[in-house]
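Listed below are the residues making up each chain.
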Amino acid sequence: MKNLSLLAIAALTVSTLFGQAPKAGKVDIFPMDQLKPGMKATAWTVFEGTQAEPVDIEIIGLWKNAWGPKQDIILAKMFGKALRTGVAGGMSGSPVYIDGKLVGAVSLRISVFSPDAICGITPIDLMLEINQFDSSKPPDSKTPQSVAGNRSIAVPDHVLSGAMMTPIETPLTFSGFEEATLRYFGPAMQQMGLRPVMGGAAGANYEVKPANDWKTSLAPGEPIVGVLVSGDMNISGLGTVTYNDGKKVLGFGHPFFNMGPVDMPMAKGDILTVLSSTFQPNKVGNATEIVGALRQDRHSGIQGLLGEQADTIPVTLKVRNLNANGTAETVKDFRFNVFVNQKWTPFLMTMTLFNSISGLNEFADETSYRISGKVDLDGLPSLNLANMAAITDGPLPPAVALATWWGDKFSRLYGNSLVNPKLKAVNATVDLIPERRIANIESAWMDKTDVEPGEDVGVKIFLQPYRGGRLIRDVKLHIPTNLSKGEHKLVLVDGDTLNRLPTMAGMANRFLELPQAVKLINQERTNNQLFLVITSPKTTVYLDDKNLTSLPGSVMNVLQAGRATTKPMLAAMESYTEAATIPFDYVVGGQYVLRFNVR
């Protein structure tokens, strides 16, 4: 690290002394054993725009093992503008120099209430270690799932901050998002050490390739942005560049999500202002052009490579507001790209769908939602998805229920323990219907209850919608020729009920092949249809993506004996045959049973 270019060192030293921001290139490292209390240093960070400004710093001392075993932190006090703003979110990674030599990065603070701008500096030696990491993953990465599983032991930030050094929170900037979205999803972000803030954007950035000026981007002290969503909606995490050797870039001085190896778009940033606050100061800014890809997210910082492109998922979403006649009053098209990660992608898909429909809901609680979507997969059949949501007696608002259902499909893809799926594109259309479209199965009757195999029998069905006249449907039921003599049941049932056991069987198999998972999702019935099912008192086995009906006990024993405990089977005491399907433009619920006899 110390066999560095003399010209680069000299240029950096001169530029620092004369108040010019540091440039990209290798630099000399200030030896930790020469660090003494009272030393004067200079940090570089952006308070407005894109140009880094100097901030005077005085070294207080070396705090031994403050960041972990054999991981010391430099304690220091900031002056100048930092006394007004405090140690603000977004300053993470601001490089600190003594005599033109790089010491480390501003990355921690000791209290959110202190009037003194006391900061912790991650030594650059710890950050340079990131270059040596491979594809190993830290065990404590921050994901929405990890937060949900640890809510009971969460400790408020203000309790910890008075007792120990804590990482500066990363401002997570949302542009193109409704306040309702941040209110609903914000608490999960905050528990991960992320501070959701509203932001604007110069314009939607649909491009995921690095900009032409990537070679001259991300100088030390300038904003660095990790991009989770870009386009008509944008979610990005803001910090500061610590080190740039012309290709590799280091920043933050603490973890973003602590995910280890990542593949996330890396962008430049533009700071609008620094919000001063004794409780939670933050930089407010926007992501601008993509200039590379983040490759490592570690305990002591992030590392990115300029000029490289991260994989993202292009999403196209059309939202239509329908009038009472079913005609679209307004149509809005959204395009955005989503960060690829098995834990984060489903969460981001959920959030973006919720945001797209919650901001356009002109009909309050009475609005129903109808979605149809297609997920294109590399080397596998596409997912074809459809569903409806409307207000019910359940606890979830319909927009939340629909977004959760949508995100669950991506969770099941990315939760596959054998293969990581590759999504090529996602397209969906959501219709907002200005009434509460729910209908419950009320009753039914058959023309005759004594039937012959192969005979067609009339069935009249009654459904009761919310505040409306009954829905009546007539259907011809064909009695299967192979149906045994005796009593049988005709069950009228909704799609969610029929999906329950097959879905449970697939999720119980920890080693379900990805093609089987895709097939299982595509086999799911939609909730806006009514299904007529003929049952028989014979066992059905749900095995991976298959339903084995009328299975003899001897065959069941053979199948079970050859399967591991990680691949369980689910069995039901009845077999069924789907005899008819009736579509409705309502969320159908309930169940009704008719009995008939086969002569």
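Computed from a predicted model, the values in this text were never measured in an experiment. Within each chain, residues carry numbers counting from 1 in the order of the written sequence. In keeping with the predicted nature of the model, local features appear solely for residues at pLDDT of at least 70, side-chain atom pairs appear and are counted solely at 80 or more, and the whole-chain, interface and lining totals rest on all residues. To get the side-chain values, take all heavy atoms of the structure and skip hydrogens and water.

Caption draft 1: Layout of the nonpolar core. By nonpolar core we mean a set of buried residues, namely Ala, Val, Leu, Ile, Met, Phe, Trp, Tyr and Cys, connected to one another through side-chain atoms within 4.5 Å. Working definition: with a 1.4 Å probe on protein chains only, accessible area under 20% of the residue-type maximum means buried, over 50% means exposed, and in between means partly exposed. Counting residues in each nonpolar core, the largest one holds 66 residues, and the members touching the most others are L228 and W406. Numbering of helices and strands runs from the N terminus, with a helix taken as a DSSP run of H or I at least four residues long and a strand as a DSSP run of E at least two residues long. The biggest single contributor to this core is helix α8 (residues 398-414), with nine residues. Core analysis: the second largest hydrophobic core is formed by 27 residues, M446, L463, L492 and I534 among them.

Caption draft 2: Quick look at the layout of surface pockets. Grid points spaced at 1 Å and placed over the protein atoms alone form the basis of the search, with a cavity being a set where a 1.4 Å probe fits but cannot get out and a pocket an open set showing protein on both sides within 12 Å along at least five of seven lines. Lining residues have an atom within 4 Å of a point. Grid points are joined across faces, edges and corners, and a volume is the space filled by probe spheres set on the points. The space that makes up the second largest pocket amounts to roughly 650 Å³. In terms of lining residues, the second largest pocket is bounded by 29 residues, among which N387, A401, W405, D496 and N527 are the most central. If one sorts the elements of the lining of the second largest pocket by residue count, α8 sits on top with seven residues. Across the lining of the second largest pocket, the residue classes tally to 13 nonpolar, ten polar and six charged. For this scheme, ten residues count as nonpolar: Ala, Val, Leu, Ile, Met, Phe, Trp, Tyr, Cys and Pro. Four count as charged, namely Asp, Glu, Lys and Arg, and the remainder, Gly too, count as polar.

Caption draft 3: The arrangement of empty space enclosed by the protein in detail. Summed over the entire model, instances satisfying the criterion amount to three cavities of 30 Å³ or more. As a volume, the largest cavity reaches approximately 50 Å³. Around the largest cavity sit V315, L317, F336, M349, T352, L353, W406, V426 and A428, which together line it. Sorting the residues of the lining of the largest cavity by element identifies β16 (312-322), α7 (344-358) and β20 (423-433) as the ones contributing at least two each. No other element matches α7, which puts three residues into the lining of the largest cavity. When grouped by side-chain class, the residues that make up the lining of the largest cavity number eight nonpolar, one polar and no charged.

Caption draft 4: Summary view of helix α6 (residues 179-191). If you check α6, its first and last C-alpha atoms are 19 Å apart, about what 13 residues at 1.5 Å a residue would give, namely 18 Å. Of all the bends in α6, the largest measures some 50 degrees and sits at F185, one to four residues before the proline P187. Among all positions in α6, only T181, L182, F185, G186, A188 and M189 are buried. For a helix, the expected span equals 1.5 Å multiplied by the number of residues minus one. The quantity called bend is, for any residue, the angle between two axes fitted respectively to the seven residues ending at it and the seven beginning at it.

Caption draft 5: Representation of α8 in the model. Its 17 residues give α8 an end-to-end C-alpha distance of 25 Å, which sits within 8% of 24 Å, the value for a rise of 1.5 Å per residue. Among the 17 residues in α8, 13 count as buried, and that is most of the element.

Caption draft 6: Structural view of the packing of aromatic side chains. Here a pair means two rings of Phe, Tyr or Trp (six-membered ring of Trp) with centres within 6.5 Å. Their orientation is stacked below 30 degrees between planes, edge-to-face above 60, and tilted elsewhere. Evaluation of the coordinates by the stated rule reveals ten aromatic pairs. A ring pair is formed by F174 and F177, whose centres lie 5.2 Å apart and whose planes are at 90 degrees; its orientation type is edge-to-face. Taking the centre distance of 5.6 Å and the plane angle of 85 degrees together, the rings of F185 and F347 count as edge-to-face. With F185 in helix α6 and F347 in helix α7, this residue pair connects regions lying 162 residues apart in the sequence. Note on accessibility: F185 and F347 belong to one class, buried. Among the aromatic residues, those joined into a ring-pair cluster are Y184, F185, F252, F256, F257, W344, F347 and F354. The residue whose ring lies beneath R335 is Y206, and the NZ or CZ to ring-centre distance is 4.0 Å. Charges are assigned to positions over rings by a cutoff of 6 Å between ring centre and Lys NZ or Arg CZ, combined with an angular limit of 35 degrees from the ring normal.

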